[in-house]
Number of protein chains: 2
Amino acid sequence: MAHEHKPLFDEAIQEMLNSLKTEDEMTEKQRRIMEAAIALFAEKGFHASSTSEIARRAGVAEGTIFKHFKTKKDLLYALIGPMFIKFASPLILKDVKQIINEDLPAEEVILKLYRNRLALLEENWPRMRIVLQEALFHPDIMNALLENLVKDARGLAEASVKNRIEQSEFRPLPVKAITRAIFSTMLGYVFFSKAFPDEYANEDKDKDLRDAVDILMYGIANKRPDSL
Amino acid sequence: MAHEHKPLFDEAIQEMLNSLKTEDEMTEKQRRIMEAAIALFAEKGFHASSTSEIARRAGVAEGTIFKHFKTKKDLLYALIGPMFIKFASPLILKDVKQIINEDLPAEEVILKLYRNRLALLEENWPRMRIVLQEALFHPDIMNALLENLVKDARGLAEASVKNRIEQSEFRPLPVKAITRAIFSTMLGYVFFSKAFPDEYANEDKDKDLRDAVDILMYGIANKRPDSL
DNA sequence: TTATGAAGTGAGTAATCACTCACTTAATTG
DNA sequence: CAATTAAGTGAGTGATTACTCACTTCATAA
């Protein structure tokens, strides 16, 4: 597929993506190394996790790590690189675009999108946690996150919001403000469910999400929804 | 060592707070050490910042650091401890309670609270950034953050929200959902202003905040506000 | 069968880590 | 003045760091 006009990842990350192996091309031990690194990086952070601890946890000699990954940082990139594909590849974005263009009520579109993205986030949580955590300290990761994930998502959202404002479906507020409200609702939901996991038992999760979307739609829609 | 209970941050923090010196009791060099550590911890993280780099940046011998702080972790606690006072001391919480009880329209109360907390956050940003970042990796800091800051704030908010629901000022939704919306709005505002700082030039900042509160109030109030 | 090379090992490397300590300096106090 | 003490120093500590390399093992291919 052609992706030459797209802003590329940082060189280091791009390089890593090119050398990515599919799971069945990998050795058993390489897989164990990656699993151990994911667990440790997520829990203690990249800099606080040593290669010796990764090796011990993977049940592998320390040298084996460097047979598969040139440096510790390369190992990090190999872990998080796939996340940028999973969340932003053209194929996936097509899914999102399809939901947006389905000509459903805005409330259902947003609910569907939230569920879609939240499920994806949950499936890949340990790796995404690493991405979010390490982005705070590594400018290249932060850049990739903002440029490849946030920016695209925001662009899609703003286009749709603008359209719905023009059709008087949304209130005549700044596009930026409405878009921010949409993102804030999801961000806040994720924050609360991670900060107070016991309050977000599986049964109540979707009810909570629907409450959040209810408030959001009540806040941005021009006409109040008919149903509660 | 690992057999005794995890030291509660309350204890560690209390100990640290007791030994805290006011700025004019501190040596010039101690102040420089703390400034250097704040800059480095905020930018690179605690584990990625070495004491030798802190010393170099502060223009001080490495041994001097340990004359003032027993360990590197004690230095961290000395930096972030005051944040828990600034944001949660009874004195400060009285300020917040006063705003809540001022019997103003909910919209103005929320706006006032947002401005109050955001100003406090901005004034202390480098240190608060360290608190938020390191909480991800240090369970004791996370615990102090949730128990001493988030929990109290949430309690206050929920009491007020419950009251306003009973008075039909807010919609009859779960208290938790409305409270979450209030926090999400501020959280999202902070996230956007940090992620896209160039879009949040000082002049537009308050307009952006008012837009956010407008949407929030529109979403949770039983009657739409009279004015835009 | 032999040759090749990837997978894996673990002892070993220099560099860096947080931290210590014997020491000097300078101000305070009895 | 003599004695004490806190502030500050910088060389030095053992432990740990990311990483290397000579080596073995073993499956595959010529």
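Residues numbered from 1 in each chain as written. Chains lettered and ligands numbered in written order. Predicted model: local features only at pLDDT ≥ 70, side-chain atom pairs only at ≥ 80, totals over all residues. Heavy atoms only, no water.

Visitor: Help me out: how do you make sense of a nonpolar patch on the surface in this one?
Guide: Together, L187 and F191 of chain A together with L187 and F191 of chain B make up an exposed nonpolar region whose accessible area comes to about 290 Å². Contributing elements (two or more residues each) for the nonpolar patch: helix 10 (175-195) of chain A together with helix 10 (175-195) of chain B. Relative to the helices and strands, L187 of chain B is located in helix 10. Classification of L187 of chain B by relative accessible area gives partly exposed; the value is 32%. (Patch = residues over 30% accessible without salt bridge, like charges linked within 9 Å, V, L, I, M, F, W, Y side chains within 5 Å. Areas by Shrake-Rupley, 256 points an atom, 1.4 Å probe, with all protein chains shown as cover. Salt bridge = Lys/Arg side-chain N within 4 Å of Asp/Glu carboxyl O. Helix = DSSP H or I, 4+ residues; strand = E, 2+ residues; numbered from the N terminus. Buried < 20%, exposed > 50% of the residue type's maximum accessible area, 1.4 Å probe, protein only.)

Visitor: I would appreciate a short explanation of helix 11 (residues 202-220) of chain A in the present structure.
Guide: Given a rise of 1.5 Å per residue, 19 residues ought to cover 27 Å, and the 28 Å separating the end C-alpha atoms of helix 11 of chain A matches this to within 8%. The complete set of buried residues in helix 11 of chain A reads D208, L209, D211, A212, V213, D214, I215, L216, M217, Y218, G219 and I220 of chain A. (Expected span 1.5 Å × (residues − 1).)

Visitor: Help me understand the interface of chain B and chain A, please; the structure alone is not making it clear to me.
Guide: Interfaces are often described in size by the accessible area the parts lose on coming together. Listed by partner, the interface residues are 44 residues for chain B and 46 residues for chain A. Regarding the contact of chain B and chain A, the summed buried area is about 3900 Å², with carbon and sulfur atoms giving 63% of it. Across the contact surface, chain B and chain A share eight salt bridges. Between R171 of chain A and D214 of chain B there is a salt bridge, and its shortest N-O distance comes to 2.9 Å. One can count 14 residue pairs in polar contact (both at pLDDT 80 or more) joining chain B with chain A. At the level of elements, helix 2 (28-44), helix 8 (125-135), helix 9 (139-166), helix 10 and helix 11 (202-220) of chain B are the ones that each hand at least two residues to the side of chain B that touches chain A. Looking at the side of chain B that touches chain A element by element, the count peaks at 13 residues for helix 10 of chain B. Class assignment for the residues of the side of chain B that touches chain A results in 23 nonpolar, seven polar and 14 charged. (Contact = heavy atoms within 4.5 Å. Buried area = accessible area lost by both parts, 1.4 Å probe. Polar contact = N/O pair within 3.5 Å; in protein donor to acceptor, adjacent residues only side chain to side chain. Nonpolar A, V, L, I, M, F, W, Y, C, P; charged D, E, K, R; others polar.)

Visitor: Teacher, can you tell me more about the protein's contact with DNA strand C here?
Guide: As a structural note, the neighbourhood of DNA strand C is formed by 18 residues, with T27, K29, T64 and H68 of chain A together with K72 of chain B the closest of them. The protein-proximal atoms of DNA strand C, defined as those within 4 Å of the protein, are 60% sugar or phosphate. T64 of chain A is positioned with one of its side-chain polar atoms (N or O) 2.5 Å from a phosphate oxygen of DNA strand C. At a separation of 2.8 Å, a base oxygen of DNA strand C approaches a polar side-chain atom of K67 of chain A. Among the elements of the structure, helix 4 (62-68) of chain A together with helix 3 (51-58) and helix 4 (62-68) of chain B are those that each provide at least two residues to the surface near DNA strand C. (Near = heavy atom within 4 Å.)

Visitor: What's the story with the side chain of E134 of chain B in this structure? I'm lost.
Guide: The topology assignment puts E134 of chain B in helix 8. The buried charged residue E134 of chain B lacks any salt bridge, with K73 of chain B as its nearest oppositely charged partner at 8.2 Å. Those residues in contact with E134 of chain B that lie beyond four places of it in its chain are F137 of chain A together with G45, F46, L76 and I141 of chain B. (Lys, Arg positive; Asp, Glu negative; His and termini not counted.)

Visitor: Help me out: how do you make sense of the side chain of R164 of chain B in this one?
Guide: Within the element layout of this structure, R164 of chain B appears in helix 9. Beyond its immediate chain neighbours, meaning those up to four positions away, R164 of chain B contacts I100, L104, P105, A106, V109, E169 and F170 of chain B.

Visitor: Just checking my understanding: could you explain the relation of the copies chain B and chain A for this structure?
Guide: Mapping between the two chain copies consists of a rotation about an axis together with a translation along that axis. Taken as rigid bodies, chain B and chain A are interconverted by a rotation of 180 degrees and an axial shift of 0.0 Å, the fit giving an RMSD of 0.1 Å. In short, the pair behaves as if placed about a two-fold rotation axis. Considering only C-alpha atoms, the part of chain B nearest the rotation axis is G219 of chain B, at 1.8 Å. (Least-squares fit on C-alpha atoms with pLDDT ≥ 70 in both.)

Visitor: Please explain the packing of helix 5 (residues 72-88) of chain A against helix 9 (residues 139-166) of chain A as it appears in this structure.
Guide: A pair of packed helices is characterised by two quantities: the angle between their axes and the separation of those axes. Residues and elements named next belong to chain A. At a closest axis distance of 10 Å, the pairing of helix 5 and helix 9 adopts a crossing angle of 10 degrees. With respect to helix 9, the axis of helix 5 lies roughly parallel. Only D140, I141, A144, L145, N148 and L149 of helix 9 make contact with helix 5, whose side of the interface consists of L76, Y77, I80, F84, F87 and A88. Within the contact of helix 5 with helix 9, the residues separate by chemical class into ten nonpolar, one polar and one charged. (Axes fitted to C-alpha atoms, helices over the stretch in contact; angles between N-to-C directions. Parallel < 35°, antiparallel > 145°, perpendicular 65-115°, else oblique.)

Visitor: Please clarify how the pattern of salt bridges should be interpreted in this entry.
Guide: A side chain of one charge can pair with a side chain of the opposite charge when the charged atoms of the two come close. Considering all chains together, one arrives at 30 salt bridges over all chains under this definition. The partner of E147 of chain A in a salt bridge is K151 of chain A, and the shortest N-O contact between them spans 3.3 Å. In this pair, E147 of chain A and K151 of chain A are both assigned in helix 9, four residues apart and thus about one turn of the helix distant. Judged by its relative accessible area of 28%, E147 of chain A falls in the partly exposed class. In this structure, E158 of chain B engages R154 of chain B in a salt bridge whose closest nitrogen and oxygen atoms are separated by 3.2 Å.

Visitor: What exactly am I supposed to notice about the environment of A221 of chain B here?
Guide: Mapped onto the secondary structure, A221 of chain B falls in the segment after helix 11. Taking the C-alpha atoms as reference points, A221 of chain B and E107 of chain B, 114 residues apart in sequence, are found 9.0 Å from one another.

Visitor: I tried to follow unusual backbone geometry on my own but got confused; where do I start?
Guide: For residues that are not glycine, phi is negative in most cases, and the peptide bond is trans in most cases. Residues and elements named next belong to chain A. In the Ramachandran plot, S168 falls in the positive-phi region, its phi being about 60 degrees despite a non-glycine side chain. Structurally, S168 can be placed in the loop between helix 9 and helix 10. Residue S168 is classed as partly exposed on the basis of its relative accessible area of 47%.

Visitor: What's the story with the protein's contact with DNA strand D in this structure? I'm lost.
Guide: In the neighbourhood of DNA strand D, 18 residues make up the surrounding shell, with K72 of chain A together with T27, K29, T64 and H68 of chain B lying closest. One of the backbone nitrogen or oxygen atoms of T51 of chain A is found 2.8 Å away from a phosphate oxygen of DNA strand D. T64 of chain B places a polar side-chain atom, nitrogen or oxygen, 2.4 Å from a phosphate oxygen of DNA strand D. Among the elements of the structure, helix 3 (51-58) and helix 4 of chain A together with helix 4 of chain B are those that each provide at least two residues to the surface near DNA strand D.

Visitor: I keep staring at the packing of helix 2 of chain B against helix 8 of chain B and nothing clicks. Help me out?
Guide: Residues and elements named next belong to chain B. Two elements in contact, helix 2 and helix 8, have axes separated by 9 Å at closest approach and are oriented at 45 degrees. Taken together, the axes of helix 2 and helix 8 are oblique relative to one another. The crossing of helix 2 and helix 8 is left-handed. Seen from helix 2, the contacting residues are I38, F41, A42 and E43; seen from helix 8, they are P126, R127, R129, I130 and Q133. (Left-handed = near helix turned anticlockwise from the far one by under 90°.)

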